[in-house]
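# Summary of structural features
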Amino acid sequence: MPSPVDSQSSPTVMATLPEQDARVSYSNSIVGAAIFDLSGLPKEYFTTSESSDVSWVQTIFQALGLQSLLISSLRLEGFRHAVIHGQDYLAVVVRQRVRYMALLVRKEELQVISEGFLAWSLDFEPSILRTHPRFSAV
(Lines give C-alpha, C1' and ligand atoms only; values in the text may rest on other atoms or scores of the structure.)
Protein backbone atom coordinates (compact mmCIF):
# COMPACT_ATOMS: atom_id res chain seq x y z
CA MET A 1 0.00 0.00 0.00
CA PRO A 2 1.46 3.40 -0.94
CA SER A 3 2.18 5.80 1.88
CA PRO A 4 0.33 9.14 2.13
CA VAL A 5 3.58 10.81 1.08
CA ASP A 6 3.91 8.89 -2.14
CA SER A 7 6.73 10.17 -4.34
CA GLN A 8 4.34 10.46 -7.27
CA SER A 9 1.68 12.45 -5.41
CA SER A 10 3.98 14.62 -3.29
CA PRO A 11 5.15 16.99 -6.08
CA THR A 12 1.55 17.56 -7.16
CA VAL A 13 0.44 18.39 -3.63
CA MET A 14 3.42 20.65 -3.11
CA ALA A 15 2.78 22.41 -6.42
CA THR A 16 -0.84 23.18 -5.63
CA LEU A 17 -0.39 24.40 -2.06
CA PRO A 18 1.16 27.80 -2.94
CA GLU A 19 -1.53 28.32 -5.59
CA GLN A 20 -4.28 27.43 -3.11
CA ASP A 21 -2.72 29.73 -0.51
CA ALA A 22 -2.66 32.56 -3.06
CA ARG A 23 -6.33 31.98 -3.95
CA VAL A 24 -7.34 32.05 -0.29
CA SER A 25 -5.29 35.20 0.22
CA TYR A 26 -6.95 36.85 -2.80
CA SER A 27 -10.46 36.03 -1.59
CA ASN A 28 -9.68 37.17 1.95
CA SER A 29 -8.47 40.57 0.71
CA ILE A 30 -11.82 41.31 -1.01
CA VAL A 31 -14.08 43.63 0.99
CA GLY A 32 -16.60 44.42 -1.75
CA ALA A 33 -17.68 43.34 -5.21
CA ALA A 34 -19.88 44.81 -7.90
CA ILE A 35 -21.20 43.06 -10.97
CA PHE A 36 -21.93 45.01 -14.16
CA ASP A 37 -23.40 43.78 -17.42
CA LEU A 38 -21.37 44.14 -20.61
CA SER A 39 -22.99 47.51 -21.34
CA GLY A 40 -21.58 48.79 -18.02
CA LEU A 41 -24.82 48.88 -16.03
CA PRO A 42 -24.55 47.76 -12.39
CA LYS A 43 -26.45 44.58 -11.53
CA GLU A 44 -25.40 43.43 -8.03
CA TYR A 45 -23.29 44.71 -5.15
CA PHE A 46 -21.75 42.77 -2.31
CA THR A 47 -20.22 44.31 0.80
CA THR A 48 -18.62 43.19 4.03
CA SER A 49 -18.94 44.76 7.45
CA GLU A 50 -15.57 46.39 6.79
CA SER A 51 -16.85 48.26 3.75
CA SER A 52 -20.61 48.72 3.66
CA ASP A 53 -20.35 52.01 1.73
CA VAL A 54 -20.90 51.38 -1.99
CA SER A 55 -19.98 54.86 -3.23
CA TRP A 56 -16.96 53.31 -4.98
CA VAL A 57 -19.38 51.59 -7.38
CA GLN A 58 -20.20 55.01 -8.92
CA THR A 59 -16.52 55.46 -9.78
CA ILE A 60 -16.47 52.05 -11.48
CA PHE A 61 -19.65 52.92 -13.38
CA GLN A 62 -18.03 56.13 -14.63
CA ALA A 63 -14.80 54.31 -15.54
CA LEU A 64 -16.74 51.73 -17.57
CA GLY A 65 -18.59 54.55 -19.34
CA LEU A 66 -15.29 56.23 -20.18
CA GLN A 67 -13.85 52.94 -21.37
CA SER A 68 -16.87 52.43 -23.64
CA LEU A 69 -16.49 55.96 -25.02
CA LEU A 70 -12.80 55.42 -25.74
CA ILE A 71 -13.48 52.13 -27.50
CA SER A 72 -16.14 53.65 -29.74
CA SER A 73 -14.28 56.92 -30.44
CA LEU A 74 -10.73 55.67 -30.79
CA ARG A 75 -11.48 52.13 -31.87
CA LEU A 76 -9.51 50.75 -28.93
CA GLU A 77 -10.19 47.09 -28.31
CA GLY A 78 -9.03 44.49 -25.85
CA PHE A 79 -9.99 45.89 -22.45
CA ARG A 80 -8.64 43.39 -19.95
CA HIS A 81 -8.58 45.14 -16.60
CA ALA A 82 -8.40 48.49 -14.87
CA VAL A 83 -7.19 49.44 -11.43
CA ILE A 84 -8.61 52.44 -9.59
CA HIS A 85 -6.53 53.53 -6.63
CA GLY A 86 -8.13 54.92 -3.49
CA GLN A 87 -6.67 55.87 -0.15
CA ASP A 88 -7.21 52.53 1.61
CA TYR A 89 -8.54 50.31 -1.16
CA LEU A 90 -8.00 49.36 -4.79
CA ALA A 91 -10.86 48.62 -7.14
CA VAL A 92 -9.85 46.05 -9.74
CA VAL A 93 -12.19 45.83 -12.71
CA VAL A 94 -11.96 42.83 -15.03
CA ARG A 95 -13.95 41.90 -18.07
CA GLN A 96 -15.18 38.36 -17.76
CA ARG A 97 -16.89 36.56 -20.61
CA VAL A 98 -20.44 37.65 -19.68
CA ARG A 99 -19.91 40.61 -17.34
CA TYR A 100 -17.60 43.14 -15.82
CA MET A 101 -16.67 42.50 -12.23
CA ALA A 102 -15.17 45.01 -9.83
CA LEU A 103 -13.44 43.82 -6.68
CA LEU A 104 -12.68 46.20 -3.86
CA VAL A 105 -9.53 45.00 -2.10
CA ARG A 106 -7.45 46.27 0.79
CA LYS A 107 -4.55 48.28 -0.59
CA GLU A 108 -2.19 47.09 2.15
CA GLU A 109 -2.74 43.45 1.19
CA LEU A 110 -2.59 43.79 -2.58
CA GLN A 111 -0.18 46.60 -3.36
CA VAL A 112 0.75 45.10 -6.73
CA ILE A 113 -1.82 43.54 -9.02
CA SER A 114 -0.12 40.33 -10.11
CA GLU A 115 -0.85 38.19 -13.14
CA GLY A 116 -1.94 35.50 -10.67
CA PHE A 117 -4.56 37.80 -9.14
CA LEU A 118 -5.82 38.83 -12.58
CA ALA A 119 -6.09 35.20 -13.70
CA TRP A 120 -7.93 34.34 -10.48
CA SER A 121 -10.33 37.29 -10.87
CA LEU A 122 -11.11 36.36 -14.48
CA ASP A 123 -12.27 32.93 -13.30
CA PHE A 124 -13.95 34.14 -10.10
CA GLU A 125 -17.64 33.29 -9.97
CA PRO A 126 -19.38 36.14 -8.12
CA SER A 127 -22.52 34.11 -7.38
CA ILE A 128 -20.66 32.44 -4.48
CA LEU A 129 -20.81 35.79 -2.67
CA ARG A 130 -24.59 35.42 -2.30
CA THR A 131 -24.09 32.68 0.29
CA HIS A 132 -20.67 33.63 1.64
CA PRO A 133 -20.84 34.51 5.36
CA ARG A 134 -18.62 37.62 5.01
CA PHE A 135 -20.72 39.24 2.29
CA SER A 136 -24.14 40.82 2.10
CA ALA A 137 -26.01 41.70 -1.05
CA VAL A 138 -26.95 45.39 -1.28
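First things first, this report covers the structure right here in the doc. (Residues numbered from 1 in each chain as written. Predicted model: local features only at pLDDT ≥ 70, side-chain atom pairs only at ≥ 80, totals over all residues. Heavy atoms only, no water.)

### Considering helix H3 (residues 115-123)
Every buried residue of H3 is accounted for by Phe117, Leu118, Trp120 and Ser121. Angularly, the buried residues of H3 cover 165 degrees about the axis, an arc narrow enough to put them on a single face. Opposite the buried face of H3, at more than 90 degrees from it, the exposed residues are Glu115 and Asp123. (Buried < 20%, exposed > 50% of the residue type's maximum accessible area, 1.4 Å probe, protein only. Helix = DSSP H or I, 4+ residues; strand = E, 2+ residues; numbered from the N terminus. Arc of directions from axis to C-beta.)

### Details of the nonpolar core
In terms of nonpolar packing, the biggest core is built from 18 residues, with Leu103, Val105, Phe117 and Trp120 touching the most fellow members. Sorting the residues of this core by element identifies strand E1 (30-36), strand E4 (89-95), strand E5 (100-106) and H3 as the ones contributing at least two each. Counting 12 residues, the second-largest nonpolar core is a separate cluster that includes Val31, Val57, Ile60 and Ala91. (Core = buried A, V, L, I, M, F, W, Y, C linked by side-chain atoms within 4.5 Å.)

### Topic: the layout of surface pockets
Of the voids in this model, the largest pocket is the one considered here, and its volume is about 160 Å³. Lining the largest pocket are 15 residues, and of these Trp56, Gly86, Tyr89, Ala91 and Leu104 sit closest to its centre. Residue assignment for the lining of the largest pocket shows that the elements contributing at least two residues are helix H2 (56-74), strand E3 (81-85) and E4. In terms of residue class, the lining of the largest pocket is built from 7 nonpolar, 6 polar and 2 charged. (1 Å grid on protein atoms, 1.4 Å probe; cavity = no way out; pocket = protein on both sides within 12 Å on 5 of 7 lines; lining within 4 Å. Points joined across faces, edges and corners; volume = space filled by probe spheres on them. Nonpolar A, V, L, I, M, F, W, Y, C, P; charged D, E, K, R; others polar.)

### Remarks on the pattern of salt bridges
Evaluated as defined, the whole model comprises 4 salt bridges. Measuring nitrogen to oxygen at the nearest pair gives 2.8 Å for the salt bridge that ties Glu44 to Arg130. Remark: Arg130 occurs in the loop between H3 and strand E6 (136-137) and Glu44 occurs in strand E2 (residues 42-47); sequence separation between them is 86 residues. Take Glu44: its relative accessible area is 24%, and that puts it in the partly exposed class. The closest approach of N and O atoms between Arg99 and Glu125, which form a salt bridge, is 3.2 Å. One end of the pair, Arg99, is in the loop between E4 and E5; the other, Glu125, is in the loop between H3 and E6, and 26 residues separate them in sequence. Judged by relative accessible area, which is 37%, Glu125 ranks as partly exposed. (Salt bridge = Lys/Arg side-chain N within 4 Å of Asp/Glu carboxyl O.)

### Some thoughts on the side chain of Arg99
The buried category is assigned to Arg99, whose relative accessible area is 16%. Separated by 2.5 Å, the side chains of Arg99 and Gln96 make a polar contact. (Polar contact = N/O pair within 3.5 Å; in protein donor to acceptor, adjacent residues only side chain to side chain.)

### Quick notes on the packing of aromatic side chains
Per the stated rule, a full pass over the model turns up 4 aromatic pairs. Ring plane angle 85 degrees and centroid distance 5.2 Å describe the contact between Tyr26 and Phe117, whose orientation is recorded as edge-to-face. Taken together, the residues span a long stretch of sequence, with Tyr26 in helix H1 (residues 10-29) and Phe117 in helix H3 at a distance of 91 residues. With respect to class, Tyr26 is no different from Phe117; both count as buried. Between Trp120 and Phe124, the aromatic rings sit 5.0 Å apart at their centres with planes inclined by 45 degrees, giving tilted as the arrangement. Across this residue pair, the class does not change: Trp120 and Phe124 are buried. Three or more aromatic residues link up through ring pairs in this structure, and these residues are Tyr26, Phe117, Trp120 and Phe124. (Phe/Tyr/Trp six-rings, centres within 6.5 Å; stacked < 30°, edge-to-face > 60°.)

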